[in-house]
Amino acid sequence: MGVKIAEYFGQRTDVQVPVIEPIAECDAIRNCPFMNKPCGKIRKGLKPVCSVRKRNGDVWIVCRERLCSTNKDVPLTEYQKSTLLAIAREVFSTDIERENVLIKRETSMPVVESSYHADYIMSIRNFQKNLHGPNNVVLEMQGGGETSNTGKITSHVTQWERAQGRTNKFLMAEIGQAGTIETNAWRRQQEQFIVKGNISSQTGGGIVFCVGSLLYDYLWQRMREVNLRNLREHNWSMCLLCFEEDKAGAPAPGPIPLRINQEKIIFTNYITFVQALINQGQPYPAMFTGTFETLEGTLIDIAE
């Protein structure tokens, strides 16, 4: 357990200068560094922490707008455009240009007695080369998720805000007993992933799932024994992309740069992937044997 603040209002903390300044509630009109809209956390009275860092150095995104905001009420930022283009070039072709990429944000996907929304619908148009997968995909973003003992993180940031002689080193000091919750993040996404992927597949499209490195590793631990076919050069219908910190250069002021990890990409068949997800565990006869209790309070031993 234990995390460090990695980014505060779009500023990485592992540099000494410039010294990061606290964001007051009166600054709620300031646009988020990752979208053309004021920071939602500040407007709610929360601390504008974008991501935290685990003891092993991995970054865990804690703001829904950080990876690539899906807010459809404002124009895309240059950051969002660059991120979406990088995804399109990884998924479809390295030769794709901006004019070939069409997107819709937060698109409704009706289901009986319920309604889902796709983060993005991405479509490729006016591109002459043959593609190895669908031209249209549902694009889902899940860079990270929640943290445990979030109150301790909030308390730490408050202490930093009120401190005399504030430093970035103080802000990025380890916060004990706080941690990341990969399990909750994946559980929350499974239903979304299965339903949205099924709708897209039935409509002739595919699904692309963009996740942070910690979430990818959590999922891969449960899938690594499955012999998923690599369909990148064939007729794929599902893709999993891993975003991680880009450590190619020395830390510089501003946001932590992210990149797609070329070693952590899955192109496969959507149905095969879903079957692998639900086909977890193995028979365990012992759970139906042992000491049971009747509703009258009598204990009964059941042997194998």
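Above this text sits the structure in question.
Given the structure is predicted, the values throughout are model-derived calculations rather than measurements.

Q: Give a description of the overall build of the protein that names residues and reports values.
A: Each helix and strand in the protein was counted, giving seven helices and 14 strands. For the protein, the C-alpha atoms occupy an extent of roughly 70 × 65 × 40 Å along the three principal directions. Buried positions account for 46% of the 304 residues belonging to the protein. A sequence separation of at least 24 residues applies to 67% of the contacts in the protein between residues at least 6 apart. The positive charge centre, built from 35 side chains, and the negative charge centre, built from 33, are 6 Å apart in the protein.

Q: Outline the sheet that holds strand 12 (residues 258–268), supporting the account with residue identities and numerical values.
A: With mixed pairing, six strands are arranged side by side in an open sheet as 5-6-7-10-11-12. The open sheet has two free edges, formed respectively by strand 5 (101–111) and strand 12, since each of these has just one partner strand. Pairwise comparison of adjacent strand axes, ignoring direction, gives a mean angle of 30° for this sheet. Examined bridge by bridge, strand 11 (residues 238–245) and strand 12 share seven bridges and lie antiparallel to one another. Its bridge partner being in strand 12, Cys239 is matched across the sheet by Phe267.

Criteria and thresholds
- Residues numbered from 1 in each chain as written.
- Predicted model: local features only at pLDDT ≥ 70, side-chain atom pairs only at ≥ 80, totals over all residues.
- Heavy atoms only, no water.
- Helix = DSSP H or I, 4+ residues; strand = E, 2+ residues; numbered from the N terminus.
- Buried < 20%, exposed > 50% of the residue type's maximum accessible area, 1.4 Å probe, protein only.
- Contact = heavy atoms within 4.5 Å.
- Lys, Arg positive; Asp, Glu negative; His and termini not counted.
- Charge placed at Lys NZ, Arg CZ, Asp CG, Glu CD.
- Pairing = 2+ DSSP bridges.
- Axes fitted to C-alpha atoms, helices over the stretch in contact; angles between N-to-C directions.

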